[in-house]
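The chain contents come next:
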Amino acid sequence: MMNSAFSAVELAPRDPILGLTELFKSDTNPNKVNLGVGVYYDDNGAVPLLGCVKSAETQIVAKQRARSYQPIDGNANYNKLVQTLLFGADSEALDANRIITAQTLGGTGALKVGADFLKQVVGCSDVWISDPSWENHRGIFGNAGLTVNAYPYYDPETRGIAFDRMIEQLKVLPKQSIVLLHACCHNPTGVDLSEDQWRTVVEVVVDRGLIPFLDIAYQGFGSSLDEDGLVVRLFAEKCPSLVISNSFSKSFSLYGERIGGLSIQSATADEAKRVQSQLKRLIRTNYSNPPIHSGALVETVLADSNLKSEWIQELGGMRERIKQMRLDLSTNIAKLCPGADFSFITEQKGMFSYSGLTKEQVIKLREEHSVYAIESGRICVAALNSKNIGFVSEAISKVVI
């Protein structure tokens, strides 16, 4: 056989989360629990199909529409609804036509298109992400050709924000450096900035001429849709240039539908048109245009006042269930292991928690108790339920003694 052109290709390392899932699937323990994957599960341990989504799908199927190509930047009405959700109906920038939005293949697709735009069109060279951050942030921006750096964020000693060090770093970044910020429900720590801290960050970003890139993948999982969207509005008010990626994977439980958006705010309407033209060029040479069904589901819900109210209620139920799991885990561990204080996890927000577990403790959890977590100690609180919370609490108590 002739030599293969691919003979020198090396085996890539396993994704830290997907690789963990593979180990989990091979575990024969009937009580096994996977706290690694970032998916919301209901109290029965199932990915929910929201009632509002069921209703929307029924409406869409009944219309029996043809499946022609969408515009390169997606459904125009969907994009407007996304803008209203993020920026607010009374946004000055929206009224002035300074914001453009493209329907994307999930939040990941929005991040990738945004990274390509900033590198290829704007000419940026460096991006700064939080330490720690979602693992895929580094890969997405690195593969776009940007140098990926990190600014201080999480303080393991206080289990809070290393805010002074974060601000010190931002104050010395070169002009037009990209700063990636988690708008709410920080992944992986669950620790968010306060409103006053966010206002300080906005001031520094404007003063230094930095480009803020907000990743908002969990709007509604922290406090509420409105409160979680505050950060977007704070930056929109002060920053002439702003990039935002958003996702509906978690909030609509539409993981496999890959539906999100990339929104960019410019200084003028003319500038926004030029930005939009370049985004279309980038998307055209990447995946050409987005699919119909996923955007139609979200559009139908957001455009119908009754369905939107139902969605807000269902989203609130998911949020409150996660909060209850945080409280139950903290309370259980306090009873089982009085020397271990896990009360800090009740102050964190969103689906994830930096549990404080060491790599060695995480390995013991997996090997001795079939409880799977990322070796950084990050756990998905949304994977806990009333049936496995006791088992997980006992397992954690045993490895932290």
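For the structure, check the block above.
Residues numbered from 1 in each chain as written. Predicted model: local features only at pLDDT ≥ 70, side-chain atom pairs only at ≥ 80, totals over all residues. Heavy atoms only, no water.

## As for the packing of aromatic side chains
On inspection of all chains with the given rule, the structure shows 10 aromatic pairs. Judged by centre distance (6.2 Å) and plane angle (75°), the rings of tyrosine 78 and phenylalanine 248 are edge-to-face. Of the two residues, tyrosine 78 is situated in helix α3 (residues 76–87) and phenylalanine 248 in the loop between β9 (242–247) and β10 (259–265); the sequence distance between them amounts to 170 residues. Each of the two residues, tyrosine 78 as well as phenylalanine 248, counts as buried. Measuring from centroid to centroid gives 5.1 Å for tyrosine 154 and tyrosine 354, while their planes differ by 85°, and the two rings are edge-to-face. Note that tyrosine 154 is positioned in strand β5 (residues 154–155) and tyrosine 354 in strand β11 (residues 352–354), a separation of 200 residues in sequence. Grouped by ring-pair contacts, the aromatic residues Tyr78, Phe248, Phe252 and Trp311 constitute a single cluster. (Phe/Tyr/Trp six-rings, centres within 6.5 Å; stacked < 30°, edge-to-face > 60°. Helix = DSSP H or I, 4+ residues; strand = E, 2+ residues; numbered from the N terminus. Buried < 20%, exposed > 50% of the residue type's maximum accessible area, 1.4 Å probe, protein only.)

## Brief notes about the pattern of salt bridges
All chains considered together, the criterion is met by 10 salt bridges. One salt bridge in this structure joins aspartate 43 and lysine 387, with 3.9 Å as the shortest N-O distance. Taken together, the residues aspartate 43 in the loop between β1 (33–34) and α2 (51–63) and lysine 387 in the loop between β13 (378–380) and α15 (389–400) connect sequence positions 344 residues apart. Residues joined by salt bridges that share partners form a network here, namely Asp43, Arg321 and Lys387. (Salt bridge = Lys/Arg side-chain N within 4 Å of Asp/Glu carboxyl O.)

## With respect to the pairing of strand β8 (residues 211–216)
Burial analysis of β8 places six of its six residues in the buried class, which makes it a mostly covered element. Here β8 shows two buried faces, one formed by Ile211, Phe213 and Asp215 and the other by Pro212, Leu214 and Ile216. In the classification by handedness, the crossover that spans strand β7 (residues 178–182), the intervening helix α8 (residues 195–208) and the parallel β8 is right-handed. (Right-handed = clockwise from strand over helix to strand, strands pointing away.)

## Details of the packing of helix α5 (residues 106–122) against helix α6 (residues 135–143)
Where α5 contacts α6, the two axes come as close as 9 Å, and the packing angle between them is 35°. The chirality of how α5 crosses α6 is right-handed. Counting all contacts with α5, which are made through Thr108, Leu111, Lys112 and Ala115, the residues of α6 involved are Asn136, His137, Ile140 and Phe141. (Axes fitted to C-alpha atoms, helices over the stretch in contact; angles between N-to-C directions. Left-handed = near helix turned anticlockwise from the far one by under 90°. Contact = heavy atoms within 4.5 Å.)

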